[in-house]
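# Structural overview
Spelled out, the chains give:
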Amino acid sequence: MEYATVSYGLCNLHSFQFLSLPILQVQIFSHKPPRNPFNIFSTVSSAQQRSGTTPKRDPSGINHRSVPQTEKNIEMKPSNVGSKQRLKRYSSLLGNCALRGALNEGKAIHGHQIKTGVDPDSHFWVSLINLYAKCDYSSYACQALDEMPEQDVVSWTALIQGFVAQGNGRQGVDLFCEMRKKGISPNEFTVATCLKACSMCRDVSFGKQVHAEVIKEGLLSDVFIASALVNLYAKCGEIDLADKVFFCMPEQNEVLWNVLINGHAQVGDGKGAFRLFCEMINSEVEFSEFTLSSVLKGCTNSGQLRDGQLVHCLAIKSGFEIDKFMCSSLVDIYSKCDMVDDALRLFYMITDHDVVSWSAMIACLEKQGHSSEAIKLFYLMRHTGIEPNQFTFSSVVSAAAELGDLLYGESIHACIFKFGFESDVSVSNALIGMYIKNGCVDDGYRVFEAMTGPDLVSWNTLLSGFHDYGYAESGSNVFCQMLVEGFRPNMYTFISILRSCSDLLDIKFGKQVHAQILKNSLDGNEYVGKALLDMYLKFRYMEESYIVFSKLINRDVFTWTVMITGFAQTEQEEKAIKFLNSMQQEGVRPNEFTIAGCLGGCSRITATESGRQLHSMALKSGLLPDMFVSGALVDMYAKCGCIEDAEAVFKGLVWRDKVLWNTMVCGFSLHGQGDKALQTFQKMKDEGNLPDDVTFLGVLSACSHMGLVEEGKQHFNSMSNVYGVTPRDEHYAGMVDILSRAGRFVEVESFVEEMKLTSNALVWENVLGACAKHGNVKFGERAAKRLFELKCETDSTYILLSNIFASKGRWTEAKRIRALMSSHGVKKEPGCSWVEINNKIHVFVSDGGHPHIREIHLKLEELGEKLRLIGYVPQMEHVLHDVPDTEKEEHLNHHSEKLALAFALMSNSHKQTIRIFKNLRICRNCHNFMKHVSRITTQEIVIRDTNRFHSFKDGSDGTSVENGWNAPPYRMHLAVVCILLFRLISAMPTFSAIALDRLLEPGGSRPVDRSAPSSMPLPNSQNGRNASAPRRRKRLLVLH
């Protein structure tokens, strides 16, 4: 047999294969062609082989491999039936097949028409096009239209409707354009179908053009067109235009109301949907269960539980509650509003569950955190014989991920393979997340690699696991690959990759990611901004952090807090306080972390008044019991010289942890109150708190200041023998300090040799300071030599050795050491003191420089005359220079702490405690001077040097201990600040890395607090001098 071949215009098809059933085997020879639209027919098997298609399953359940009863009836019709009646019968049967999706039956009818040789009319053509279009045989439908002798709007409409019915909106729009090019005007059904196609492909621009044509043709009053327009604008987010179209209609029926309400619900305007529903009721338009479901959808999307409950009541009253579709909508709103019990009750009201209702309830339980219940419900579903779908598996896998049950997750993975859903994107995404949350990043990556078409969620899920499990470097590679493959990152992408940059400490790549964020216009996003702040603050890039912060639109308490903490931890404490003021002015209420961070800044710059205002704020806001706030408050008062206030806050706390006890032990030791330090240590043990290494630093310091050698030895030995605490360099230095202060240099030497401390520079610094106090020239020279060998050539080493020689009158050796110091480029740090007066820091140096220096010197002369009247004599021996006594006395009057005291006395009209801070160790002459001044002025004076606080009141020094001068203290500040600051920031993981890094300077393991004297003394000092000069402070901002 020779088959003919034709070319078709519209669809450019080169062949047409027809599927006919055995009873209607038709073979058309080329020498006798019938009058029909198609030229090639084949059997079932040959058509399948050439087209590569298989017979589709008919929703009606009819097996089309057998002869349908319909065709038998056709075959039995008398041959003399009129052609018109026959065509009418064919058209009716084709329409019925189209409704049922019975493609094979329709093909059989088509074949019977060809066999009988009846010429098709326009109605038959339309029915044929409608059949093939709605049965998803678009090529056949296009071919039928091409073969149609006279195409009209009805045939085109049937074709467009068929494409739209199969979800091919874009093809429907293209066919509409083709129809208009052929000069065929659309009718109301064509326009409505085209508008529906526009809504399917979200082509609102073309939809507006069709809208214009609707107005031009006067079709706007048609209810179908109006419904299609409202649906188009609502789905495309043009809800205002949808409202205008709706309210311009002369009459609104139930369909129009439902479409508009559903549109508001889809865009999340739950209040608008509920308002329209109320208007619909007032308009006396009857509503259906579909109306109520749309209103419930809007309430669900906007979280309007109250309105949803009202709709639920109306559904019960109207008898719609038992409807399965309505129950599913109610289950959805109650589940998303965290009312799982109500959702379950409604779920169990459904008698005939399908996979949709099961999946909805399982998803509800999983999303609300009831993962165990979701898994149990999945088991019950399987027990009833319902097969899960991809949505069921996605929820169950997510539930397994939340439970951290890797074994169960892997079993569900096997079940997914069994049911053939391993290629589904949503299921694969859930599997990736499950493996990553359980730390199996490699398994998650394998699932990702097996995906044929990963989406943006797949990439984001994969990226989210790299920064938590040591795969940060892989994160940057995956991010780059994602960009290469054309995916546009969203905020979740950037949050994950920024965290990877922070883990990698790769600021260069982080800045490139920042550029991508700017390119994608996400720099104002709250969550991306927080991730950027986290990254820049970990690198201490405060300028960049401020730029990111300033571009954020919604700045919450967390955003303000991280900025304040960042400034406080990068030696910009004044900015931290300024930001706190700005935060309150913008109406953002600080939380416990905000106040704790600011208190830490106040303690570093000794801003006592600002700290007191923060204390008041904590009391007012009820945050004082918080352990972070209370710990920071105790630390602030201790470092600012207000040990009584620190003790009062400490005693007022109900719950005190080890850190707070350590703060008080070290605080008392810092203020020279060794007896209280030891008493606090004993109370700490009595309350069941075991001491740690920081506790023993405070205890050893207290023993050193009080000269308790034997008790110090006992505490040192108990560290490892009783409490299992391994001594560190600071503890060995503390023990050396105890022995050397007591002048037991033989024991010091044996202790150093026994503990193998000859390479410990901190120990030799303490030895050198003790030699300067006791005038031990020989041992002092040995200690200095050892420090030079250890490359510890600080200014204190040279100055202490020079002072040892000078105190013995060996001026030649003293000058030689000073010359050696200059030749090595080591400069002596100038003395500096500062005092806070009326919330303003005033700084003083020995060479003057203050605007009121003349008045200050006059005040000092006045004080000197009064002191001489009570028998005070300056101690010239503390001026270790080979100059006359008159110059020595003048030199003593220029000490910076005396200048600060004179200015404070001039300015202090309310007899408030004067608190002076100095970067070097106060000398014995100035110490006695302060003591006598407190007597003649009845003024309490507190001085904080690099060693500790000195308190003077009524001519006595409550913290002075005999033989406690000129010995440089050992280092314990590092451990105290480390543990206290770590606890303060541990609840904010964003800045944990900053805090720990801030404590260690790039040059080594010794932190130097350049903002203010430390709460514990520093080792590399002459007479306890700090290695770094204080920064000159500007005016402190007052908290409002």
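Keep in mind it's a predicted model, so treat the numbers as computed, not measured.

Each helix and strand in the protein was counted, giving 52 helices and 6 strands. The buried share of the protein, taken over its 1040 residues, is 54%. Roughly 46000 Å² of accessible area belongs to the protein as shown, and the carbon and sulfur atoms make up 51% of that amount.

Attention shifts here to the sheet that holds strand β6 (residues 956-957). Strand order in this open sheet of 6 strands is β2-β1-β3-β4-β5-β6, and the pairing throughout is mixed. This sheet does not close on itself; its edge strands, each paired only once, are β2 (840-845) and β6. In the sheet, strand β4 (residues 941-944) pairs with strand β5 (residues 949-953) via 4 bridges, with the strands oriented antiparallel. Its bridge partner lying in β5, R944 is registered against F949.

Helix α50 (residues 924-937) packs onto helix α49 (residues 896-907) with a crossing angle of 15 degrees between their chain directions and a minimal axis gap of 11 Å. Relative to α50, the element α49 lies roughly parallel. Pair α49 / α50 crosses with right-handed handedness. Where α49 approaches α50, its residues E897, K898, L901 and L905 are matched on the opposing element by N925, C926, F929, M930 and V933. Tallied by class, residues from the contact of α49 with α50 come to 6 nonpolar, 1 polar and 2 charged.

Glancing now at the packing of helix α31 (residues 557-569) against helix α33 (residues 592-605). Viewed as axis vectors pointing N to C, α31 and α33 meet at an angle of 15 degrees, and their least axial separation amounts to 9 Å. On the basis of their axis angle, the class for α31 and α33 is roughly parallel. As α31 runs across α33, the sense of the crossing is left-handed. Only F593, T594, G597, C598, G601 and R604 of α33 make contact with α31, whose side of the interface consists of V557, T561, I564, A568 and Q569.

Moving on, we come to the side chain of S294. Positionally, S294 belongs in helix α15 (residues 289-302). Given the relative accessible area of 9%, S294 is considered buried.

Take the layout of surface pockets next. One number sums up the size of the second largest pocket: a volume of about 650 Å³. Forming the boundary of the second largest pocket are 26 residues, of which S328, D332, K336, V356 and A360 lie nearest the centre. Those elements that provide at least two residues to the lining of the second largest pocket are α13 (254-266), α15, α17 (324-336), α19 (355-367) and α21 (390-403). Its residues placed into classes, the lining of the second largest pocket shows 8 nonpolar, 13 polar and 5 charged.

Right, let's get into unusual backbone geometry. Of note in this structure, E284 is not a glycine but carries a positive phi near 60 degrees. Owing to a relative accessible area of 72%, E284 belongs among the exposed residues under this scheme. Unlike most non-glycine residues, R540 shows phi in positive territory, near 65 degrees. Residue class for R540 comes out partly exposed when judged on its relative accessible area of 34%.

Another aspect to go through is the nonpolar core. Grouped together as the largest cluster of nonpolar side chains are 244 residues, with contacts concentrated most on L159, F393, V513 and V767. No other element matches helix α43 (residues 761-774), which puts 9 residues into this core. Built from parts of two domains, this core gets at least three residues from each of domain 1 (557-655) and domain 2 (728-828). Those residues within four positions of V767 in sequence are excluded, and the remaining contacts are V736, V748, F779 and A783. Core analysis: the second largest hydrophobic core is formed by 27 residues, A900, A902, I916 and F929 among them.

We now examine the UniProt feature "repeat: PPR" (unreviewed entry) in the protein. According to UniProt, the feature "repeat: PPR" (unreviewed entry) maps to residues 152-186, 253-287, 354-388, 455-489, 556-590 and 657-691 in the numbering used here. Along residues 253-287 the backbone is 74% helical and 0% strand, and the end-to-end C-alpha distance reaches 10 Å. In this annotation, residues 556-590 is assigned 74% helix and 0% strand; the end-to-end C-alpha distance for the span is 10 Å.

Within β2, 5 of the 6 residues are buried, which leaves the element mostly enclosed by the surrounding structure. Pairing analysis gives 6 bridges linking strand β1 (residues 832-837) to β2, with the strands arranged antiparallel. Bridge pairing in β2 places E836 opposite I841. In this structure, the hairpin formed by β1 and β2 is closed by a connection of 2 residues, where N838 is found at a positive phi of approximately 50 degrees.

Glancing now at the packing of aromatic side chains. Aromatic ring pairs are defined here through the distance separating the ring centres and the angle between the ring planes. Counted under the stated rule, the structure contains 36 aromatic pairs. A centroid spacing of 6.4 Å and a plane angle of 20 degrees characterise the contact between W834 and F917, whose relative ring orientation is stacked. Of this pair, W834 sits in strand β1 while F917 sits in strand β3 (residues 914-918), and the two are 83 residues apart along the sequence. Each member of the pair W834 and F917 is classed as buried. Aromatic rings pair up to connect Y546, F549, W560, F567 and F579 into one cluster. One residue, K898, lies across the ring of F929, its end atom 4.4 Å from the ring centre. Over the aromatic face of F949 sits the side chain of R944, whose NZ or CZ is 5.2 Å from the ring centroid.

Cut-offs and rules
- Residues numbered from 1 in each chain as written.
- Predicted model: local features only at pLDDT ≥ 70, side-chain atom pairs only at ≥ 80, totals over all residues.
- Heavy atoms only, no water.
- Helix = DSSP H or I, 4+ residues; strand = E, 2+ residues; numbered from the N terminus.
- Buried < 20%, exposed > 50% of the residue type's maximum accessible area, 1.4 Å probe, protein only.
- Areas by Shrake-Rupley, 256 points an atom, 1.4 Å probe, with all protein chains shown as cover.
- Pairing = 2+ DSSP bridges.
- Axes fitted to C-alpha atoms, helices over the stretch in contact; angles between N-to-C directions.
- Parallel < 35°, antiparallel > 145°, perpendicular 65-115°, else oblique.
- Left-handed = near helix turned anticlockwise from the far one by under 90°.
- Contact = heavy atoms within 4.5 Å.
- Nonpolar A, V, L, I, M, F, W, Y, C, P; charged D, E, K, R; others polar.
- 1 Å grid on protein atoms, 1.4 Å probe; cavity = no way out; pocket = protein on both sides within 12 Å on 5 of 7 lines; lining within 4 Å.
- Points joined across faces, edges and corners; volume = space filled by probe spheres on them.
- Core = buried A, V, L, I, M, F, W, Y, C linked by side-chain atoms within 4.5 Å.
- Domains from an automatic or database assignment.
- UniProt positions renumbered as here; feature names shortened; annotations may be inferred.
- Phe/Tyr/Trp six-rings, centres within 6.5 Å; stacked < 30°, edge-to-face > 60°.
- Lys NZ or Arg CZ within 6 Å of the ring centre and 35° of its normal.

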